[in-house]
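Here is how the chains run, residue by residue.
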Amino acid sequence: MYKTTKLKDTPTTSKVHVKKNDEVLVISGKDRGKRGKVLRVIPTKSAAVVERVNFIKKHTKANPQRNIKGGILEREAPIKLSNLQVICPSCSEPARLGRKATEKGSVRVCRKCKTEFSN
Ligand SMILES: [Zn+2]
């Protein structure tokens, strides 16, 4: 007898291993080695905006009607999730994450120290 898979039990966000407010380490690209807090995750693009990481210079045109000054604005650009590794809050190491089913649903687990993530 086959066990049927209930698709609704698997939220689409569960495939994303990075969540908002996680501390992450950049493992490739020009910002390799930097650590920062995740400000925003964009699951549709498999990317995240990380504090102080991947700064881009954005040239803005002056728009007096919207009170925008022209010039160069520096801001964070999204970085691919595959370039990021979550830092375990328990052992403070960049950790590979596993998943564990609990009563509350699936939680992320650090594969190094086996600590469950609270979020
Ligand atoms: Zn850990």
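Since the structure is predicted, the reported quantities are computational estimates derived from the model, not experimental observations. (Residues numbered from 1 in each chain as written. Predicted model: local features only at pLDDT ≥ 70, side-chain atom pairs only at ≥ 80, totals over all residues.)

Asks: So what exactly am I meant to see when it comes to the sheet that holds strand β3 (residues 47-50) here?
Replies: In space, the 5 strands of this open sheet follow the order β6-β3-β2-β1-β7, with antiparallel pairing throughout. With partners counted over all chains shown, the strands left at the sheet margins are β6 (79-80) and β7 (84-86), one partner each. Pairing analysis gives 2 bridges linking β3 to β6, with the strands arranged antiparallel. Across the sheet, residue Ala 48 finds its bridge partner in β6, namely Ile 79. (Pairing = 2+ DSSP bridges. Helix = DSSP H or I, 4+ residues; strand = E, 2+ residues; numbered from the N terminus.)

Asks: How do you make sense of the nonpolar core when you look at a structure like this?
Replies: Note on soluble globular proteins: their nonpolar side chains tend to be buried together. Counting 15 residues, the largest nonpolar core has Val 24, Val 38, Ala 48, Val 50, Ile 79 and Leu 84 as its most contacted members. When residues of this core are traced back to their parent elements, those giving at least two are β1 (23-26), β2 (35-42), β3 and β7. Sequence-distant contacts of Ile 79, that is, excluding residues within four places in its chain, are made with Val 26, Gly 29, Ala 47, Ala 48, Val 50, Val 53, Asn 54 and Leu 84. (Core = buried A, V, L, I, M, F, W, Y, C linked by C-beta atoms within 7 Å. Buried ≥ 20, exposed ≤ 12 C-beta atoms within 10 Å, placed from the backbone. Contact = placed C-beta atoms within 7 Å.)

Asks: Quick question: what am I supposed to make of the pairing of strand β4 (residues 55-60) here?
Replies: Moving residue by residue along a regular strand, the side chains alternate between the two faces of the sheet. Little of β4 is tucked away: 0 of the 6 residues are buried. When β4 meets strand β5 (residues 71-76), the two strands line up antiparallel, connected through 6 bridges. For Thr 60, the partnering residue across the bridge sits in β5 and is Gly 71.

Asks: I keep staring at the pairing of β1 and nothing clicks. Help me out?
Replies: The alternating pattern of β1 places Val 24 and Val 26 on a buried face and Glu 23 and Leu 25 on a face that is not buried. In this structure, β1 lies alongside β2, joined through 3 bridges in antiparallel fashion. The partner of Val 24 across the bridge, within β2, is Gly 36.

Asks: Where do I start with unusual backbone geometry in this structure?
Replies: For residues other than glycine, phi is negative in most cases, and the peptide bonds are mostly trans. Even without glycine at this site, Ser 46 takes up a positive phi of about 50°. Residue position: Ser 46 is located in the loop between β2 and β3. Although it is not a glycine, Asn 54 adopts a positive phi angle of roughly 60°. Positionally, Asn 54 belongs in the loop between β3 and β4. Residue class for Asn 54 comes out buried when judged on the 21 C-beta atoms lying within 10 Å of it.

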